[in-house]
Structures are given as structure tokens and as C-alpha cells.
Amino acid sequence: MKKPIPRIGSRRNGRIGSRKNGRRIPKGVIHVQASFNNTIVTVTDVRGRVVSWCSAGTCGFRGTRRGTPFAAQTAATNAIRTVVDQGMQRAEVMIKGPGLGRDAALRAIRRSGVLLSFVRDVTPMPHNGCRPPKKRRV
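The notes below deal with the structure included here.

About the thresholds
- Residues numbered from 1 in each chain as written.
- Predicted model: local features only at pLDDT ≥ 70, side-chain atom pairs only at ≥ 80, totals over all residues.
- Heavy atoms only, no water.
- Patch = residues over 30% accessible without salt bridge, like charges linked within 9 Å, V, L, I, M, F, W, Y side chains within 5 Å.
- Areas by Shrake-Rupley, 256 points an atom, 1.4 Å probe, with all protein chains shown as cover.
- Salt bridge = Lys/Arg side-chain N within 4 Å of Asp/Glu carboxyl O.
- Helix = DSSP H or I, 4+ residues; strand = E, 2+ residues; numbered from the N terminus.
- Buried < 20%, exposed > 50% of the residue type's maximum accessible area, 1.4 Å probe, protein only.
- Polar contact = N/O pair within 3.5 Å; in protein donor to acceptor, adjacent residues only side chain to side chain.
- Contact = heavy atoms within 4.5 Å.
- Pairing = 2+ DSSP bridges.

1. Thoughts on a nonpolar patch on the surface
Side chains of Ile-40, Val-50 and Trp-53 sit close together on the surface and give an oily, nonpolar patch of about 290 Å² of accessible area. Note that Trp-53 resides in strand β3 (residues 50–55). Taking relative accessible area as the criterion, Trp-53 reaches 51% and is therefore assigned exposed.

2. A look at the side chain of Asp-45
Position of Asp-45 among the secondary structure elements: in strand β2 (residues 39–45). In this structure Asp-45 comes out as buried when scored by relative accessible area, which is 7%. From its side chain, Asp-45 meets the backbone nitrogen of Arg-49 in a polar contact 2.8 Å long. Sequence-distant contacts of Asp-45, defined by excluding residues within four places in its chain, comprise Arg-23, Ile-25, Lys-27, Gly-28, Val-29 and Val-51.

3. Brief notes about the pairing of β3
Strand direction decides the pairing type here: β2 and β3, joined by 5 bridges, are antiparallel. Of the residues in β3, the one forming a bridge with Val-43 is Ser-52. Counted between consecutive antiparallel strands, the loop separating β2 from β3 contains 4 residues, among which Gly-48 sits at a positive phi close to 100°.

Laid out in C-alpha cells, this is it:
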């Protein structure tokens with residue numbers, strides 16, 4: 001007689017369905033990455049696990065309109081709406097990049113009703129990093 005193969009998703013090991021809406025997050029971190037072409041807003045818990053994310057591209061903006069402040073504002077609103085429903089009250093904001101959507105995304109986060117503990121600019125700055133290419137001789 002053959003041994004029964006244990007099913008990975010069986011009811012005995014507890015998890016049924018998705019865990020996504022079961023988590024309550026009182027405090028989180030909102031990462032805004034604003035490039036010239038797009039703005040990505042990611043909401044994580046304090047341990048760094050992604051809870052929700054949205055970008056200007058997933059909101060339906062295409063081409064050059066993805067880099068606009070309005071697209072960044074829409075992306076930030078959509079990303080935060082889901083975590084406010086999960087009970088987030090406090091958040092830290094990390095902003096990275098030189099794009100146009102930085103201020104617009106921050107304004108949308110402020111309007112969402114989440115209390116901000118701090119706003120930090122984490123744009124990477126070279127301490128005179130890579131050697132430039134050699135000078136052109138014409």
C-alpha cells in the first residue's frame with residue numbers, strides 16, 4: 001500500500017486563503033522613489049515587509065505623463081488607501097530621487113490622515129564616486 005502524499009496547502013497546517021488582509025499595522029514606513037520618468041510608492045511595516053505599493057505606471061499613466069506631479073499624487077493616494085483600511089495610524093517617510101513627484105507624493109501622504117513621525121531624504125549621494133570618462137580630443 002502506498003503512503004499518502006501530504007498536501008502542502010492542507011487545512012491541517014493552518015493557513016487557508018491569503019494572509020494579506022489579516023494583518024493589522026499600527027506603524028509603518030512609506031518609501032517614495034521619484035525618478036524623472038516614474039514615481040513608485042511602497043508601504044512597508046517596521047520590519048521592512050511590503051504591505052502595499054503603487055506606481056504612476058500601475059495607476060494608468062503612460063509615457064511622459066508618468067513623471068508628472070499629478071501621477072505621483074495619484075500613486076501615493078492609491079498605495080496608502082489600502083494600509084489605512086488595515087489600521088495604519090503612524091508612519092515614517094523616506095524619499096529618494098530627484099523627480100518631480102517628490103513634493104506631490106508627500107503632500108498626498110500628509111492629506112491621507114496618517115501621522116508622520118519624520119520625513120527623511122535618502123537620495124544616494126556619491127562622495128566623489130566613479131572616475132569620469134577621459135576628455136574628448138577633437
